[in-house]
Structures are given as C-alpha cells and as structure tokens.
Amino acid sequence: MVSLFLAGCGQEIKDPVSWEVEDFTFTNQDNEEVSLADLQGEVWLADFVFTNCTTVCLPMMANMTELQDQLKQEGLDVRIVSFSVDPTVDTPEVLKSYAENYGADLSSWDLLTGYSPEKIDAFAMKSFQSVARKPANEDQVVHGTSFYLVDQEGVVRKFYDGINPPTEEIISDIEILLAEE
C-alpha cells in the first residue's frame, strides 16, 4: 500500500480527458445486471468489441487479457468492462464462451450486452467519444479500438491504443488513480 501511495504521489496522468460515463444497467456474460453504480469506487478499463469481429477485436481481446494478467501480477485491483457493439448476436452465453477462449478471468471482467444497436452507438458516442455502428446488411460493426481508463467516479480519464497498448503507461496511470483514493 505504501508503494502504491508513493507511486502515485505527486504524479498526474498526462494528456487526460474528462468524459462522464452516462448511467447504464446492462447484462453481463453470467446473465447478471451490471450498472455504473456497481462500478462506483473502482478503477476500470473499458473497450468495445464483438464476437463476430474478423479484424481488430482479435488483438484487442488478446491485449486486454494480457493486460489483465499483468495487473494481477502487479497486485492492482482493476475491473474490465467490454461493451458488445453487436448485441443482437452477442448473448451472455456467446460472450462468456468468447472470453473463455481468450483465457480472460471473468471474476473481474464483465462483457456486457442486453441493449439495442442504437443504444450502444449513442452510449459509446456520448460516454466514450466513439462510434459503434453496424452498417445495414453487414455482419461487421464499425467501432473504436481504444482502451479507456475510467476512475472511481465513473469519469473517463484517458484512452489508449487497444491494438498496440502502451502497457507500462496504462499501469502507471492506474497506479496514479488508485493512489487518489
């Protein structure tokens, strides 16, 4: 705990943003409701993925799983929240199987669904400044590839490249947020 305090002492997140995450209650891979209120007081990482994705989601899921492992090794208590951008396909069961294929630790990772495609598009734009739009008659969804660092108050404080994530910077920024508690 002392090292955590010293790690964050006097440091600030470089190039921060301040985007409030709008209130939500969605369904996770275990068919349980997860809301913004459930995440209050916790630092969390968010991203937008879908199970049918043939391009960017593959490295994003692998990178987030690796990041989750590193956070555990560092002893950092961080939740991960992945919002499906294809909720008509991504049922809780499909999301659970998808995450398990990557070796994700689902005790601290929620993959969310249970909303309309229009709702997730509006939510992604308002809360994360990102699109999540499925073009008509296509099976692929246009969405952002960032990882988002959200603080204990539900405010996005920074975003990172999810394809080539700067892992050390993400861990350092998480330590800064955890020291602010």
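How each quantity is defined
- Residues numbered from 1 in each chain as written.
- Predicted model: local features only at pLDDT ≥ 70, side-chain atom pairs only at ≥ 80, totals over all residues.
- Heavy atoms only, no water.
- Salt bridge = Lys/Arg side-chain N within 4 Å of Asp/Glu carboxyl O.
- Helix = DSSP H or I, 4+ residues; strand = E, 2+ residues; numbered from the N terminus.
- Buried < 20%, exposed > 50% of the residue type's maximum accessible area, 1.4 Å probe, protein only.
- Phe/Tyr/Trp six-rings, centres within 6.5 Å; stacked < 30°, edge-to-face > 60°.
- Arc of directions from axis to C-beta.
- Contact = heavy atoms within 4.5 Å.

So, on to the pattern of salt bridges. Following the criterion strictly, the structure yields 12 salt bridges and no others. Of the charged contacts in the structure, one is a salt bridge between Asp105 and Lys72, with a shortest N-O distance of 3.0 Å. Of this pair, Asp105 sits in the loop between helix 4 (92-102) and strand 6 (109-112) while Lys72 sits in helix 3 (residues 57-73), and the two are 33 residues apart along the sequence. By relative accessible area, which is 45% here, Lys72 ends up partly exposed. Ionic pairing is found between Arg157 and Glu180, a salt bridge with its closest N-O pair at 3.3 Å. With Arg157 in strand 10 (residues 155-161) and Glu180 in the segment after helix 6 (167-179), this pair connects stretches of sequence that are 23 residues apart. Given a relative accessible area of 19%, Arg157 falls into the buried group. According to the relative accessible area criterion, Glu180 is partly exposed, its value standing at 44%. Through salt bridges with shared partners, a single network forms among Glu22, Lys119 and Lys126.

Attention now moves to the packing of aromatic side chains. Aromatic ring pairs are reported here in terms of the distance separating the ring centres and the angle at which the planes meet. Taken as a whole, this structure holds 16 aromatic pairs when the rule is applied. Ring centres of Phe26 and Phe83 lie 6.3 Å apart, and the angle between their planes is 90°; on these two criteria the pair is classed as edge-to-face. With Phe26 in strand 2 (residues 25-27) and Phe83 in strand 5 (residues 79-84), this pair connects stretches of sequence that are 57 residues apart. Taken individually, Phe26 and Phe83 each receive the classification buried, so the pair is uniform in this respect.

Here we come to helix 4. Structurally, the α-helix is built with 3.6 residues per turn, so residues lying three or four positions apart point the same way. Listing the buried residues of helix 4 in full gives Pro92, Leu95, Tyr98 and Ala99. The buried residues of helix 4 occupy an angular sector of 125° when the element is viewed end-on, so they sit on one face. The elements touched by buried residues of helix 4 are strand 2, helix 3, strand 5 and strand 6. Count one or two residues on from helix 4 and you reach Gly103, which has phi positive near 80°.

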